[in-house]
Amino acid sequence: MPTAITAATTGDLESLVPMMRQMQEDDPWSEPFHEPTVRANLAELLQNPAYGVIYLVREENAPIAYLVICFDYSLEYRGKGAWIDELFVEAAHRGKGIGTQLLDLAEAASREHHAKFIHLEVTHGNPAIELYRRRGFQDHQRYLMSKDLNR
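Residues numbered from 1 in each chain as written. Predicted model: local features only at pLDDT ≥ 70, side-chain atom pairs only at ≥ 80, totals over all residues. Heavy atoms only, no water.

*Asks:* I would appreciate a short explanation of the pairing of strand β2 (residues 52-59) in the present structure.
*Replies:* Where a strand is regular, its side chains alternate between the two sheet faces. The buried fraction of β2 is high, at seven of eight residues. Pairing of strand β1 (residues 4-7) with β2 involves four bridges; the strand directions are antiparallel. Bridge assignment links I5 to a residue of β2, and that residue is V57. Counted along the chain from β2 to the antiparallel partner strand β3 (residues 62-74), the turn is two residues long, and its residue E60 has a positive phi close to 50°. (Buried < 20%, exposed > 50% of the residue type's maximum accessible area, 1.4 Å probe, protein only. Helix = DSSP H or I, 4+ residues; strand = E, 2+ residues; numbered from the N terminus. Pairing = 2+ DSSP bridges.)

Here it is, written out as C-alpha cells:
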C-alpha cells in the first residue's frame, strides 16, 4: 500500500510529468501529448486551486500514482462540478487498491470543494471502466463532443 498520499505542489512537477507521459503510452489522450504545453498547464493548475487539485502517491518516497481533479460549473448538474481528469497508477502497483483509495479521495476532496457531482471520462476498452462502474459511475446516453477553439 502507498506510504503517503499528499496534495501536490509546484515542487512535484518533475515527479508528475514522467507518470503523465507513461499514462499517455497506456491510454492516450484524444489530443497529442505536447510536453511543453503539459508542463505549463500543470504548473498553472498547481498554482491555482480554483481550477482543481492534484494528489501524488508515494511509496518509500518514490512517486507511483497521481490523481487530478478539475472543477467546472453546470446548471444541469446543480452548480460546481468536479472531474477526475486523470487517475494513474504505475503498472507494478495496480490491483493493490490504490485506484480505489484515489477514487475515495476524489469523492472526499470534491465534496470538500463543494462539488455537487463528480464526472470522469474513460476510453472504451480501458479495464478500469469496471472499477468505475462498481464505484457508482454511470454510463450516459450522450456522446462527449469537443471542439478546439484555437483551430
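Still to come is the rest of the account.
*Asks:* Is there a simple way to explain the sheet that holds β3 in this structure?
*Replies:* In a beta sheet, neighbouring strands are held together by backbone hydrogen bonds and run either parallel or antiparallel to one another. Pairing in this open sheet of five strands is mixed, and the strands run β1-β2-β3-β4-β5 from one edge to the other. In this open sheet, the two strands that pair with only one neighbour each are β1 and β5 (117-120). Adjacent strand axes in the sheet meet at a mean angle of 25°, parallel and antiparallel pairs treated alike. When β2 meets β3, the two strands line up antiparallel, connected through eight bridges. Along β3, the bridge assignment pairs V57 with A65. Sitting on the sheet, helix α3 (residues 98-112) is in contact with β1, β2, β3, β4 (79-89) and β5, with an inclination near 35° to β3. (Axes fitted to C-alpha atoms, helices over the stretch in contact; angles between N-to-C directions. Contact = heavy atoms within 4.5 Å.)

*Asks:* Got a minute to help me understand the packing of helix α1 (residues 13-26) against helix α2 (residues 35-47) in this structure?
*Replies:* Relative placement of two packed helices is described by the angle separating their axes and the distance separating the axes. At a minimum axis distance of 11 Å, the contact between α1 and α2 shows a crossing angle of 130°. Between α1 and α2, the angle falls in the class oblique. Relative to α2, the crossing made by α1 is right-handed. Contacts from L13, E14, L16, V17, M20 and R21 in α1 reach E35, V38, R39, L42, A43 and L46 in α2. Taken together, the residues that form the contact of α1 with α2 break down as eight nonpolar, no polar and four charged. (Parallel < 35°, antiparallel > 145°, perpendicular 65-115°, else oblique. Left-handed = near helix turned anticlockwise from the far one by under 90°. Nonpolar A, V, L, I, M, F, W, Y, C, P; charged D, E, K, R; others polar.)

*Asks:* Can you walk me through α3 in this structure?
*Replies:* Residues three or four positions apart in an α-helix share a direction because the helix packs 3.6 residues into each turn. In a regular helix each residue adds 1.5 Å, so 15 residues correspond to 21 Å; α3 covers 21 Å between its end C-alpha atoms and thus fits that length. Here α3 has its buried residues at I98, G99, L102, L103, A106, E107, A109 and S110. If you follow the buried residues of α3, they end up packed against β1, β2, β3, β4, β5 and α4 (129-134). Once α3 finishes, H114 follows within two positions and takes phi at roughly 70°, a positive value. (Expected span 1.5 Å × (residues − 1).)

*Asks:* Would you take a moment to explain the pattern of salt bridges for this structure?
*Replies:* Pairing of side chains with opposite charge becomes possible as their charged atoms draw close. Counting across every chain of the model gives eleven salt bridges. Among the ionic pairs, E14 bridges to R39, the shortest N-O distance being 2.6 Å. One end of the pair, E14, is in helix α1; the other, R39, is in helix α2, and 25 residues separate them in sequence. Among the residues examined, R39 registers a relative accessible area of 23% and is labelled partly exposed. Overlapping salt bridges bring together E14, R21, E35 and R39 as one network. (Salt bridge = Lys/Arg side-chain N within 4 Å of Asp/Glu carboxyl O.)

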